[in-house]
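Residues per chain are reported as follows:
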Amino acid sequence: ATVTQLPSENPDVILGQIHGAEDIKSVAWVMLHYFDGAIKVVVKQAQEGDASQDYVLADSVPLNTPFTFRLSDNGNGTLTFALDANGQTKSETAPVPPAFSGATVRFQVGAYQQAESEEGAAAADDGARVTFTRIATEDKAAPAPTPPPS
């Protein structure tokens with residue numbers, strides 16, 4: 001992805017997210033933010049409320065700098081987030097929060113800007129602009145649960 005423009009009011013855009021599905025379809029619980037050059041993943045800890053854990057992947061990725069990110073559910077109760085930018089690679093592993101363990105999910109990519117302005121307050125050319133050069137998914141079945149010891 002390459003972020004080429006950010007909203008002037010709040011320079012924050014979500015580029016990728018893991019969303020709940022079915023009963024929790026409106027809950028985005030893993031969100032990759034590009035905020036004024038910093039890139040972090042926010043993992044919500046509950047289906048409601050603001051409780052979350054942040055995983056910083058980069059402090060400074062300037063506008064117009066291409067980077068690659070990965071959001072992975074490892075199928076074993078953990079998630080891995082990775083970023084390749086400026087010749088550097090960083091990854092973080094996090095537990096799947098109990099509120100989302102075993103939930104059906106979906107992945108979304110886009111430019112979900114976090115700026116809210118009153119109608120007509122922002123210039124017509126204000127907002128986030130992002131270019132995605134490649135979007136790939138790998139859909140694997142989750143491993144079978146391990147039976148409890150006898």
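Basis of the calculations
Residues numbered from 1 in each chain as written. Predicted model: local features only at pLDDT ≥ 70, side-chain atom pairs only at ≥ 80, totals over all residues. Heavy atoms only, no water. Phe/Tyr/Trp six-rings, centres within 6.5 Å; stacked < 30°, edge-to-face > 60°. Helix = DSSP H or I, 4+ residues; strand = E, 2+ residues; numbered from the N terminus. Buried < 20%, exposed > 50% of the residue type's maximum accessible area, 1.4 Å probe, protein only. Pairing = 2+ DSSP bridges. Axes fitted to C-alpha atoms, helices over the stretch in contact; angles between N-to-C directions. Salt bridge = Lys/Arg side-chain N within 4 Å of Asp/Glu carboxyl O.

A.B. asks: Explanation requested: the packing of aromatic side chains in the structure shown.
C.D. replies: For any pair of aromatic rings, geometry is given as the distance between the ring centres together with the angle between the planes. According to the stated counting rule, one finds three aromatic pairs in the structure shown. Ring centres of Trp29 and Phe100 lie 4.5 Å apart, and the angle between their planes is 5 degrees; on these two criteria the pair is classed as stacked. Remark: Phe100 occurs in the loop between β8 (88-95) and β9 (105-113) and Trp29 occurs in strand β3 (residues 28-35); sequence separation between them is 71 residues. Owing to a relative accessible area of 2%, Trp29 belongs among the buried residues under this scheme. A ring pair is formed by Tyr55 and Phe81, whose centres lie 5.5 Å apart and whose planes are at 50 degrees; its orientation type is tilted. Placement of the pair is Tyr55 in strand β5 (residues 52-58) and Phe81 in strand β7 (residues 78-85), with a sequence separation of 26 residues. Of the residues examined, Tyr55 reaches a relative accessible area of 13% and is grouped as buried.

A.B. asks: Explain the pairing of β7 here, please?
C.D. replies: Moving residue by residue along a regular strand, the side chains alternate between the two faces of the sheet. Relative to β7, strand β6 (residues 67-73) runs antiparallel, the two sharing seven bridges. Counted as the bridge partner of Arg70 is Ala82 from β7. Linking β6 back to β7 in an antiparallel pair, the connection comprises four residues, with Gly75 at a positive phi of about 80 degrees. Hairpin connection, β7 to β8: the antiparallel pair is bridged by two residues, and Asn86 has positive phi, about 55 degrees.

A.B. asks: What is the right way to look at the sheet that holds β6 in this model?
C.D. replies: The strands that make up a sheet are held in pairs by hydrogen bonds between backbone atoms, and each pair lies either parallel or antiparallel. Spatially, the three strands line up as an open sheet ordered β6-β7-β8, and their pairing is antiparallel. Each of the sheet's edge strands pairs with one partner strand only, and the pair in question is β6 and β8. Averaged over all pairs of adjacent strands, the angle between strand axes in this sheet comes to 10 degrees, irrespective of strand direction.

A.B. asks: Sorry, what's going on with the pattern of salt bridges here?
C.D. replies: Opposite charge on two side chains allows them to pair when their charged atoms are near. Summed over all chains, the structure comprises three salt bridges. The shortest N-O distance in the salt bridge between Asp54 and Lys40 comes to 3.1 Å. Of the two residues, Asp54 sits in strand β5 while Lys40 sits in strand β4 (residues 38-44), which places them 14 residues apart along the sequence. Taking the relative accessible area as the measure of exposure, Lys40 reaches 28% and is therefore partly exposed. A salt bridge links Glu92 to Lys90, with the shortest nitrogen-to-oxygen separation between them at 3.5 Å. Accessibility expressed as a relative area gives 23% for Glu92, which makes it partly exposed.

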